[in-house]
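# Examination of the molecular architecture
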Amino acid sequence: MNIDPATRDQILGAVPSLRAFAISLSGNVDRADDLVQETMLRALANINSFQPGTNMSAWLFTILRNLFRSEYRKRKREVEDTDGSYAESLKSQPEQNSRVEFEEFRTALAKLPSDQREALILVGASGFSYEEAAEICGCAVGTIKSRVNRARGRLAGLLAIESVEDFGPDLATKAVLAETN
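A quick note: this is a predicted structure, and the numbers were derived from the prediction, not measured. (Residues numbered from 1 in each chain as written. Predicted model: local features only at pLDDT ≥ 70, side-chain atom pairs only at ≥ 80, totals over all residues. Heavy atoms only, no water.)

## Regarding the nonpolar core
Of all hydrophobic cores here, the largest spans 18 residues; its most connected members are L18, M56, W59 and L60. Elements that contribute at least two residues to this core include exactly α1 (5–26), α2 (29–45) and α3 (56–77). With seven residues, the top contributor of residues to this core is α3. Formed by 13 residues, the second largest nonpolar core is a distinct cluster that contains A108, V123, A133 and V148. (Core = buried A, V, L, I, M, F, W, Y, C linked by side-chain atoms within 4.5 Å. Buried < 20%, exposed > 50% of the residue type's maximum accessible area, 1.4 Å probe, protein only. Helix = DSSP H or I, 4+ residues; strand = E, 2+ residues; numbered from the N terminus.)

## Topic: the pattern of salt bridges
Taken as a whole, this structure holds seven salt bridges when the rule is applied. When the shortest N-O distance is used, the salt bridge between E103 and R106 registers 3.6 Å. Of this pair, E103 and R106 both sit in helix α5 (residues 95–111), three residues apart, which is roughly one turn of the helix. Between R147 and D115 there is a salt bridge, with the nearest N and O atoms lying 3.5 Å from each other. Taken as a pair, R147 in helix α8 (residues 141–158) and D115 in helix α6 (residues 114–125) lie far apart in primary sequence, 32 residues in all. Overall, D115 belongs to the partly exposed group, its relative accessible area being 29%. (Salt bridge = Lys/Arg side-chain N within 4 Å of Asp/Glu carboxyl O.)

## Looking at the packing of aromatic side chains
One pair of aromatic rings is described through two measures. These are the centre distance and the angle between the planes. Tallied over the entire structure, the rule returns two aromatic pairs. Consider the rings of F50 and W59, whose centres lie 5.2 Å apart with planes at 50°: the pair is tilted. As far as burial versus exposure is concerned, F50 and W59 are alike and both buried. Across from the ring centre of Y130, 5.7 Å away, lies the NZ or CZ of K145, which sits over that ring. (Phe/Tyr/Trp six-rings, centres within 6.5 Å; stacked < 30°, edge-to-face > 60°. Lys NZ or Arg CZ within 6 Å of the ring centre and 35° of its normal.)

Here is the structure:
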């Protein structure tokens, strides 16, 4: 990037005033230095938008003020967590287990006989009553109940589900989550 010497001197001459202004805005010398540095970078990157013959200092001060205001708005949305206690309180289960479990479920569901799979999907996933599912399948209500019951039992066997506690996070994840409480 080629900047003519007069423009460069104007930019460099404004640095002390920019720094003082940044300190008055931020109240922090380190933060002010960062603001001035970012202002310089933006000014140099956009030097072509500066109109020669206009006030260089005013242009630079506008960049600095806008930068400060943008960062201030961003910081207002952030949660200060200097000691890390807020971050420690956040917990989420690892997502990859859910994906694996879903794929295992799809595989197990595909292994069911089609009549059981159909009944289970109608009643369990689609929310139809046994009567509505029986009507859709053209069979007796007792047949649908039997198919759903057998499908659930077979799925539980295929997925090695022995009780309600087997749903949700695995034992290792439960232990980790319990430890952080």
